[in-house]
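Structure at a glance
Spelled out, the chains give:
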Amino acid sequence: MAIQGRLLLGAVAATVGKFFNRRSVATAHRVAAHASSPHTVRNIQRWKLRRVLRHAARHSAFYRARFQEHHVDVDAISHPSQLGDLFTTPQDLLDQPAESFLCGTPQVLYETSGTTRTPKTIYFSYDEVEELTQLMAVGLYHVGIRPSDRVLSTSDYHYWTGGPWFARAVTKLGAFGACPGKIPPSEVYRRLAEHRYNVLMADVSWILRLTEIAQERGPLPLKLVLGASEGLPERSRQFIEDVWGTKMFMCYGCTEGAGGMECSFRHGYHMNEFSYIY
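Criteria and cut-off values
- Residues numbered from 1 in each chain as written.
- Predicted model: local features only at pLDDT ≥ 70, side-chain atom pairs only at ≥ 80, totals over all residues.
- Heavy atoms only, no water.
- Helix = DSSP H or I, 4+ residues; strand = E, 2+ residues; numbered from the N terminus.
- Buried < 20%, exposed > 50% of the residue type's maximum accessible area, 1.4 Å probe, protein only.
- Areas by Shrake-Rupley, 256 points an atom, 1.4 Å probe, with all protein chains shown as cover.
- Pairing = 2+ DSSP bridges.
- Right-handed = clockwise from strand over helix to strand, strands pointing away.
- pLDDT = per-residue confidence, 0-100.
- Contact = heavy atoms within 4.5 Å.
- Core = buried A, V, L, I, M, F, W, Y, C linked by side-chain atoms within 4.5 Å.

**Here we look at the overall build of the protein**
In terms of helices and strands, the protein carries 10 helices and eight strands. Per-residue burial over the protein gives 47% buried out of 278 residues. When the accessible surface of the protein is summed, it comes to about 14500 Å², and 53% of that surface belongs to carbon and sulfur atoms.

Rendered as structure tokens:
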């Protein structure tokens, strides 16, 4: 039950945070610890699922057509399993114009990394970006990042969410942050001691190169390392942790709005279970 409570904590905290008008990620996290229960999550899942389906049916030409094609009555749905084989595929995103998916006026766009051949364009509203980076901030708090920490993020800006979204999440935590983009690892290494960073966030391959430099020239103390964007073989995690003498965590799916984050168990990602994201 303790593990289950941890699995629910991040998603609950993100929603609870709205009731505090984004006043404090730490407050949202503490309140969520008392709000997490399977019953609470199931009720909110049903409510959010119905709200999303009705909204899509009203405003999205693509989903309105798919609901009709699959004979889906959105008012009768209470669980994703009732949708049958109705899925949104990567090919759908390539074949259909963006306007057919949109349910409102887009305000910002990003692209996926293109791991399935062709990058897809993902649109967000400003409110969605705020909510998703709030969820990221709760995840960063959960792995141990606090206002007293000095965070360096070298996630790329380009057309991806990583750079700007990590920067917003660090701001919400109130931590010291530097987000210079994907600069060479050697440039970061020579600044580590002067700027006294103790938290490092970056792509896995970039972290591996910095770790090789640290192995040759000597590591500096870090509180934790957070990787993203790429897979992490266990032998690579062990190498990084051995050199820096600290734990490495992973996050996943930021571009798509999933925002999965490992916890201290590091046996899987905490996802937004309120929205049936696993």
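Structure shown, so let's carry the discussion forward.
**A few points about the pairing of strand E6 (residues 224–228)**
Of all the five residues making up E6, five are buried; the element is thus mostly covered by neighbouring parts of the structure. Across the two faces of E6 the burial is the same, with Leu224, Leu226 and Ala228 and Val225 and Gly227 all buried. When strand E5 (residues 199–203) meets E6, the two strands line up parallel, connected through five bridges. Looking at the pairing, aspartate 203 lines up with alanine 228 of E6. You can see the chain leave E5, run along helix H9 (residues 204–217) and come back into E6, and the turn it takes is right-handed.

**Some points on the confidence of the model for the protein**
Mean pLDDT over the protein works out to 83, with 81% of the residues at or above the 70 mark. Every residue in residues 1–14 is under pLDDT 50, and counting partners more than four places away or in other chains gives 39 contacts.

**So, the nonpolar core**
Membership of the largest hydrophobic core comes to 27 residues, with the highest contact counts inside it found for Leu140, Ile145, Phe166, Met201 and Leu226. A per-element tally of this core places helix H6 (residues 126–143) first, with seven residues. Look past the residues within four positions of methionine 201 in its chain and what remains in contact with it is Leu140, Ile145, Val151, Leu152, Ser153, Thr154, Ser155, Phe166, Val170 and Leu226. Judged by nonpolar contacts, the second largest core, of 22 residues, contains Tyr189, Tyr197, Met248 and Met250.

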